[in-house]
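Given next are the chains, with one letter for each unit.
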There are 2 protein chains.
Amino acid sequence: MGAAIALAQRGVGRTAPNPSVGCVIVRDGRVVGRGWTQAGGRPHAEAMALAMAGAAARGATAYVTLEPCAHVSARGPACADLLIAAGVARVVAAVGDPDPRTDGAGLASLAAAGIAVTAGVRAAEAEGPMAGFLSRLRRARPFITLKLAVSLDGSVALASGESQWITGPRARAHAHLERARADMILVGRGTLGADNPRLDVRLAGLEDRSPLMAVMSATDTGRPGMRHLANPAALAAVADADFVLAEGGAGLAASLVAADFVDRLLLYRAPILLGGRPALNAIGLPDLASAHGRWTPAPTIDLGADRLETYFRTR
Amino acid sequence: MGAAIALAQRGVGRTAPNPSVGCVIVRDGRVVGRGWTQAGGRPHAEAMALAMAGAAARGATAYVTLEPCAHVSARGPACADLLIAAGVARVVAAVGDPDPRTDGAGLASLAAAGIAVTAGVRAAEAEGPMAGFLSRLRRARPFITLKLAVSLDGSVALASGESQWITGPRARAHAHLERARADMILVGRGTLGADNPRLDVRLAGLEDRSPLMAVMSATDTGRPGMRHLANPAALAAVADADFVLAEGGAGLAASLVAADFVDRLLLYRAPILLGGRPALNAIGLPDLASAHGRWTPAPTIDLGADRLETYFRTR
């Protein structure tokens, strides 16, 4: 299952509105098939892994990070049917599929066909690559990461507005990797106007990963290809992006934090003092006590002289 | 010498205007004497260690973090004379004493008495506990630590001014330990007025370590026991404090950073977002590039949910 989860990571940012799933097929202790959801959401991970395994799938065990789908669509067959037809002996799944078209029906049809079924294996871990898909089904909005590049004192720019560059090349390259793993980049109205950012992925070999672009603005900015979201609540209507990367500025960041819409916080921190513009506008806290306990740290990464701190919303 | 440096740490914040020195006397592979500069600066480390060693000092080796003093004062004898009288065979010193009354004369008088002398051993490390003393002699000002307790976004208070508490009890206790190791606490005029802080050491057993108190203010605050410094340059006239701990607010912090007077930066960071008052006012940077390279990180310490980051001015 660990290998299947690692495979699922490959599709993150490319499969929306489908979840990024991984699948490993094992027969007699050997891996005979590996697959992950392809760009655009099809083929599914199981179809890829079964195609690789061919006849070796007969009698094998399939490890899959999400319950195989039970519904035939115009875009492809149901994975449960494919697994049955291939003659696998056992299916181990991590997360149950909350899509109402499956929601247990995939595992049920496998079991009805005489396949041994185990579910719930390493589910929490497996949810990572499909967190956006699950968020849309469970909370009716995408999974939102807020990224801020700050000085030690929390500034994102000098008073003059100068903000290039706070962090160094390694941190900036990592931030582009985060863009490649997002379905949509979201910026604030002020940032779009001041910096006119390109909002694309500028990493060799990953240029085609550039995500959808959106701005938090009630009025049309006139920028081609740009979506316009009037406020955080408008994210509920975003059906084609599972992972949204919000890149600031301070007003957008504050509106997302105030709405409790930030699931993951990325702080790229440079070892400098600026005394400039703050990263975060007021978020409407009634008192200091209510600020505590909301963020759980994940391991820190050194990126040259800079450091990336990651925090997840405390569940 | 490592043991002597560790002993020297004990006097930090208590010996000004004298340096905190450590001394270990070893004879036939056994430690026969240990000493460190006592509160108020006397007796010196060597006098303490020699008193403990007694007759065992004859033929022994004395390890001392600073060149033994050559000058007799009204407050005590010259340590070089004490070492000669005790009959030590060898003296190993870390740092040469830049005090013009010694400045090589201590080691010279030991050598003239037939004692084997080695100097410069682990000097950079040994400078730590006497950094304030050395700073006053070399740069005509104390060693200055700037301490800030901040949220992840660099706020030190809510917009309302509420600032109790950003960090938890372990971080606050550590900050009081830092007070105990300072000779003087310095706050800004606004902080003194808004918070009316006690500026003492509230750790069991260390209450007597409470340092001198000063405020950066051109006008008298009328507060008893408070010194008044009109601006950072006035720190040059502080002759009785080797280590100054500046505790904010944002105006004081900015004036010290702008003057390039901060030798050590302590960031107590809580895993919270506030969107409140910034830790640092404008510091007059001409551009972003000039902010880089000024700070060198030291290891980070976890203090409960909070984290202490330490940075030293890049030499």
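Reading the values: rules and limits
- Residues numbered from 1 in each chain as written.
- Chains lettered and ligands numbered in written order.
- Predicted model: local features only at pLDDT ≥ 70, side-chain atom pairs only at ≥ 80, totals over all residues.
- Heavy atoms only, no water.
- Salt bridge = Lys/Arg side-chain N within 4 Å of Asp/Glu carboxyl O.
- Buried < 20%, exposed > 50% of the residue type's maximum accessible area, 1.4 Å probe, protein only.
- Pairing = 2+ DSSP bridges.
- Helix = DSSP H or I, 4+ residues; strand = E, 2+ residues; numbered from the N terminus.
- Axes fitted to C-alpha atoms, helices over the stretch in contact; angles between N-to-C directions.
- Contact = heavy atoms within 4.5 Å.
- UniProt positions renumbered as here; feature names shortened; annotations may be inferred.
- 1 Å grid on protein atoms, 1.4 Å probe; cavity = no way out; pocket = protein on both sides within 12 Å on 5 of 7 lines; lining within 4 Å.
- Points joined across faces, edges and corners; volume = space filled by probe spheres on them.
- Nonpolar A, V, L, I, M, F, W, Y, C, P; charged D, E, K, R; others polar.
- Buried area = accessible area lost by both parts, 1.4 Å probe.
- Polar contact = N/O pair within 3.5 Å; in protein donor to acceptor, adjacent residues only side chain to side chain.
- Least-squares fit on C-alpha atoms with pLDDT ≥ 70 in both.
- Phe/Tyr/Trp six-rings, centres within 6.5 Å; stacked < 30°, edge-to-face > 60°.
- Lys NZ or Arg CZ within 6 Å of the ring centre and 35° of its normal.
- Domains from an automatic or database assignment.

> What should I look at first to understand the pattern of salt bridges in this one?
Pairing between side chains of opposite charge can happen when their charged atoms approach one another. Residue and element names in this part refer to chain A. Evaluated as defined, the whole model comprises 38 salt bridges over all chains. A salt bridge links Arg-122 to Glu-125; the nearest nitrogen and oxygen atoms lie 2.8 Å apart. On the basis of relative accessible area, Glu-125 is assigned to the partly exposed category, the value being 44%. For Asp-302, the salt bridge is made with Arg-307, and the minimal N-O distance between the two is 3.2 Å. Taking the relative accessible area as the measure of exposure, Asp-302 reaches 49% and is therefore partly exposed.

> Any chance you could explain the sheet that holds strand 9 (residues 212-216) of chain B here in plain terms?
Within a sheet, each strand pairs with its neighbour through backbone hydrogen bonds, oriented either parallel or antiparallel. Residues and elements named next belong to chain B. Spatially, eight strands are ordered 10-9-8-11-6-12-15-14 in an open sheet, and the strand pairing comes out mixed. Looking at the sheet topology across the chains shown, the edges are occupied by strand 10 (226-229) and strand 14 (295-303). Here the average twist between neighbouring strands, direction ignored, is 25°. Direction of pairing for strand 12 (residues 264-269) relative to strand 15 (residues 306-313): antiparallel, over a ladder of six bridges. Within strand 15, the position partnered with Leu-267 by the bridge is Glu-309. Where helix 6 (residues 131-139) meets the sheet, it contacts strand 6 (143-150), strand 11 (243-246) and strand 15, and its direction lies at approximately 125° from that of strand 6.

> Explanation requested: the UniProt feature "active site" (unreviewed entry) in chain A in the structure shown.
All names here are of chain A. Within the UniProt annotation, "active site" (unreviewed entry) is assigned to Glu-46. Tracing the backbone shows Glu-46 in helix 2 (residues 45-53). Since its relative accessible area comes to 4%, Glu-46 is described here as buried. Not counting residues up to four positions away in its chain, the partners in contact with Glu-46 are Cys-23, Val-64, Leu-66, Pro-68, Cys-69, Cys-79 and Leu-83.

> How do you make sense of empty space enclosed by the protein when you look at a structure like this?
As enumerated under the stated definition, the model contains four cavities of 30 Å³ or more in all. Within this model, the largest cavity holds a volume of roughly 90 Å³. A:Asp153, A:Pro278, B:Asp153, B:Gly154 and B:Pro278 are, among the 16 residues lining the largest cavity, the residues nearest its centre. The set of elements that each furnish at least two residues to the lining of the largest cavity consists of strand 13 (277-278) of chain A together with strand 13 (277-278) of chain B. Across the lining of the largest cavity, the residue classes break down as five nonpolar, seven polar and four charged. Each pocket or cavity is described by its volume, and for the second largest cavity that value is around 50 Å³. Lining of the second largest cavity is provided by A:Val257, A:Asp260, A:Ile283, A:Leu285, A:Ala291, A:Arg294, A:Trp295 and B:Leu273. Tallied by class, residues from the lining of the second largest cavity come to six nonpolar, no polar and two charged.

> In this structure, what is going on with the UniProt feature "domain: CMP/dCMP-type deaminase" (unreviewed entry) in chain A? I would like to understand it.
In the UniProt entry, the feature "domain: CMP/dCMP-type deaminase" (unreviewed entry) is given for residues 1-118 of chain A. The straight-line gap between the two end C-alpha atoms of residues 1-118 of chain A is 12 Å; of that span, 28% is helix and 24% is strand.

> Can you walk me through the interface of chain B and chain A in this structure?
Often, the extent of an interface is quoted as the loss of accessible area upon association of its parts. Across the contact, 33 residues belong to chain B and 33 residues belong to chain A. Here chain B packs against chain A, burying approximately 3,000 Å² in sum over the two surfaces, 64% of which is carbon and sulfur. Looking at the side of chain B facing chain A, the largest losses of area belong to B:Leu152, B:Leu273 and B:Leu288, adding up to 23% of the total buried there. For the pair chain B and chain A, the interface holds nine residue pairs in polar contact (both at pLDDT 80 or more). Its residues assigned to classes, the side of chain B that touches chain A shows 20 nonpolar, seven polar and six charged.

> Could you clarify how one ought to interpret the relation of the copies chain B and chain A in this entry?
A rotation about an axis combined with a shift along that same axis relates the two copies of the chain. Under the fitted operation, chain B is carried onto chain A by 0.1 Å of movement along the axis and a turn of 180°, and the coordinates agree to an RMSD of 0.1 Å. Such a combination of rotation and displacement between the chain copies is what one expects of a two-fold axis. When each C-alpha of chain B is compared by its distance to the rotation axis, B:Gly154 comes out closest, at 2.2 Å. Comparing interface residues between copies, 100% of those in chain B also lie at the interface in chain A; the contact surface is shared.

> Just checking my understanding: could you explain the packing of aromatic side chains for this structure?
For any pair of aromatic rings, geometry is given as the distance between the ring centres together with the angle between the planes. Overall, the coordinates contain two aromatic pairs over all chains when judged by the stated rule. Arranged with centres 5.8 Å apart and planes meeting at 65°, the rings of A:Phe143 and A:Phe243 form a pair that is edge-to-face. Of this pair, A:Phe143 sits in strand 6 (residues 143-150) while A:Phe243 sits in strand 11 (residues 243-246); the two residues are 100 residues apart in sequence, bridging distant segments of the chain. Taken individually, A:Phe143 and A:Phe243 each receive the classification buried, so the pair is uniform in this respect. We note B:Arg10 situated over the ring of B:Trp36; from NZ or CZ to the ring centre the distance is 4.4 Å. Here the basic side chain of B:Arg172 rests over the ring of B:Trp165, its NZ or CZ set 4.0 Å away from the ring centre.

> Explanation requested: the sheet that holds strand 11 of chain A in the structure shown.
Residues and elements named next belong to chain A. The sheet built from eight strands is open, its strands ordered 10-9-8-11-6-12-15-14 with mixed pairing. What marks the edges here is a single partner per strand, and that holds for strand 10 (226-229) and strand 14 (295-303). Mean inter-strand twist for the sheet, computed between neighbouring axes without regard to direction, equals 25°. Examined bridge by bridge, strand 14 and strand 15 (residues 306-313) share seven bridges and lie antiparallel to one another. If you follow Ala-298 over to strand 15, its bridge partner there is Thr-310. Together, strand 6, strand 8 (184-188), strand 11, strand 12 (264-269), strand 14 and strand 15 form the strand contacts of helix 7 (residues 169-180), whose direction differs from that of strand 12 by roughly 160°.

> Explain unusual backbone geometry to me, please; I cannot follow it from the model alone.
Among all residues except glycine, the phi angle is most often negative; among peptide bonds, the trans geometry is most common. All names here are of chain A. In this model, Gly-248 is joined to Gly-249 through a cis peptide bond whose omega is 10°. When you line up the elements, Gly-249 lands in the loop between strand 11 and helix 9 (250-258). Positive phi outside glycine occurs at Ala-140, with the angle close to 55°.

> Which parts of the structure should I look at to understand the domain arrangement of chain A?
Residues and elements named next belong to chain A. The domains assigned to chain A are domain 1 (1-132) and domain 2 (141-313). The straight-line distance from the C-alpha centre of domain 1 to that of domain 2 is 33 Å. Taken residue by residue, the interface counts 15 residues in domain 1 and 14 residues in domain 2. With both sides pooled, the region where domain 1 packs onto domain 2 buries about 1,000 Å², and carbon together with sulfur makes up 46% of that total. Taking the shortest distance from any N to any O, the salt bridge between Asp-208 and Arg-14 comes out at 3.1 Å. Taken together, domain 1 and domain 2 are joined by two residue pairs in polar contact (both at pLDDT 80 or more).

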